[in-house]
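These are the residues of each chain, in order.
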Amino acid sequence: MDVRQGSDGQTVIHFRAAGVTLLLAHLLLVGWLTLRPLDVPWITAANFEPLASIRADLALGPVEATRRIGGALLLLAPLGVLLPMAGGRIFVSPWVSLLRTVAAGALISLAIELGQTGVPGQVVDIDSVLLNTTGVVLAHLLVVPVCRARLRRRGVPGVRDLPRYRQETRLRDEAPGGPTPTITRVGIAP
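Residues numbered from 1 in each chain as written. Predicted model: local features only at pLDDT ≥ 70, side-chain atom pairs only at ≥ 80, totals over all residues. Heavy atoms only, no water.

A short note on the pattern of salt bridges
Then step 1. All chains considered together, the criterion is met by four salt bridges.
Then step 2. Put simply, R68 and D57 hold a salt bridge, and the shortest N to O gap is 3.3 Å. In this pair, R68 is assigned in helix α3 (residues 62-75) and D57 in helix α2 (residues 52-59), connecting sequence segments 11 residues apart.
Then step 3. Exposure remark for R68: the relative accessible area of 39% places this residue in the partly exposed category.
Then step 4. For E64, the salt bridge goes to R68, with nearest N and O atoms at 3.0 Å. Of this pair, E64 and R68 are both found in helix α3, four residues apart, which corresponds to roughly one turn of the helix.
Then step 5. Overlapping salt bridges, with partners in common, bring together D57, E64, R67 and R68 in one network. (Salt bridge = Lys/Arg side-chain N within 4 Å of Asp/Glu carboxyl O. Helix = DSSP H or I, 4+ residues; strand = E, 2+ residues; numbered from the N terminus. Buried < 20%, exposed > 50% of the residue type's maximum accessible area, 1.4 Å probe, protein only.)

Pasting the structure below:
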């Protein structure tokens, strides 16, 4: 359910606008970081084998592995919070929200990896998609349910009772005989 009406409607609109603005800024930063040409003396081959580059990173030692794997986890992690924030929904199933956010994060990560095929010095790596998507999942699970619960519990009048209010309004606006029937469209013969 999208919260747009009620006494806190302006708050939700501002919250959503901030989410969209931050989302666009983050995507521009990620695009700049991942799709700019690099001047490197040699390029590794593309990695299409899942977990191969993660194993290679772990072989480099704990400090370098933490830097590389942590960087891949953190690159798109803010999307786990910014995508639901830009959606502006407070009353939504946590599973639906997680599924939507993870799907969008995975598609954005895949688009970045595919975009890197035409950029000099950048290489496609399937493990980047896996790590980026995992970062989105972790950020979403750690932040979004807590923030939504806090927004629902907040003392703003109308937010707590909004689902019941919308149901009562819908029932009151219907005619006594029920909703007006609709007629399906029929094509005209030639």
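Notes on the side chain of N132
Then step 1. By the element assignment, N132 lies in helix α6 (residues 126-153).
Then step 2. On the basis of relative accessibility, which here comes to 3%, the residue N132 falls in the buried class.
Then step 3. At a separation of 3.0 Å, a polar atom in the side chain of N132 contacts the side chain of S109.
Then step 4. Leave out the neighbours within four places in its chain, and N132 touches A72, L75, L76 and S109. (Polar contact = N/O pair within 3.5 Å; in protein donor to acceptor, adjacent residues only side chain to side chain. Contact = heavy atoms within 4.5 Å.)

A short note on the packing of α3 against α6
Then step 1. It is the contact of α3 with α6, at a shortest axis distance of 6 Å, that shows an interaxial angle of 60°. If you check the angle between α3 and α6, you find them oblique. Taken as a pair, α3 and α6 cross one another with a handedness that is right-handed. Residues I69, A72, L73 and L75 of α3 form the contact with α6, whose own contacting residues are L131, N132, T134 and G135.
Then step 2. Its residues placed into classes, the contact of α3 with α6 shows five nonpolar, three polar and no charged. (Axes fitted to C-alpha atoms, helices over the stretch in contact; angles between N-to-C directions. Parallel < 35°, antiparallel > 145°, perpendicular 65-115°, else oblique. Left-handed = near helix turned anticlockwise from the far one by under 90°. Nonpolar A, V, L, I, M, F, W, Y, C, P; charged D, E, K, R; others polar.)

What about α3?
Then step 1. For α3, which comprises 14 residues, the first-to-last C-alpha distance of 19 Å matches the rise-based estimate of 20 Å (1.5 Å per residue) to within 8%.
Then step 2. Of the positions making up α3, those classed as buried are A65, I69 and A72. Projection of α3 onto a plane perpendicular to its axis shows the buried side chains occupying an angular sector of 55°, all on one side. Of the exposed residues in α3, the ones pointing more than 90 degrees away from its buried face are V63, T66, R67 and L74. (Expected span 1.5 Å × (residues − 1). Arc of directions from axis to C-beta.)

Quick look at the environment of W42
Then step 1. One can find W42 in the loop between α1 (9-34) and α2.
Then step 2. For the pair formed by W42 and G121, sequence separation is 79 residues and the distance between their alpha carbons is 8.0 Å.

Some details on the UniProt feature "transmembrane region" (unreviewed entry) in the protein
Then step 1. Under the UniProt annotation, the feature "transmembrane region" (unreviewed entry) is placed at residues 12-35, 69-86, 98-117 and 129-147.
Then step 2. Taken end to end, residues 129-147 comprises 100% helix and 0% strand; its first and last C-alpha atoms sit 27 Å apart. (UniProt positions renumbered as here; feature names shortened; annotations may be inferred.)

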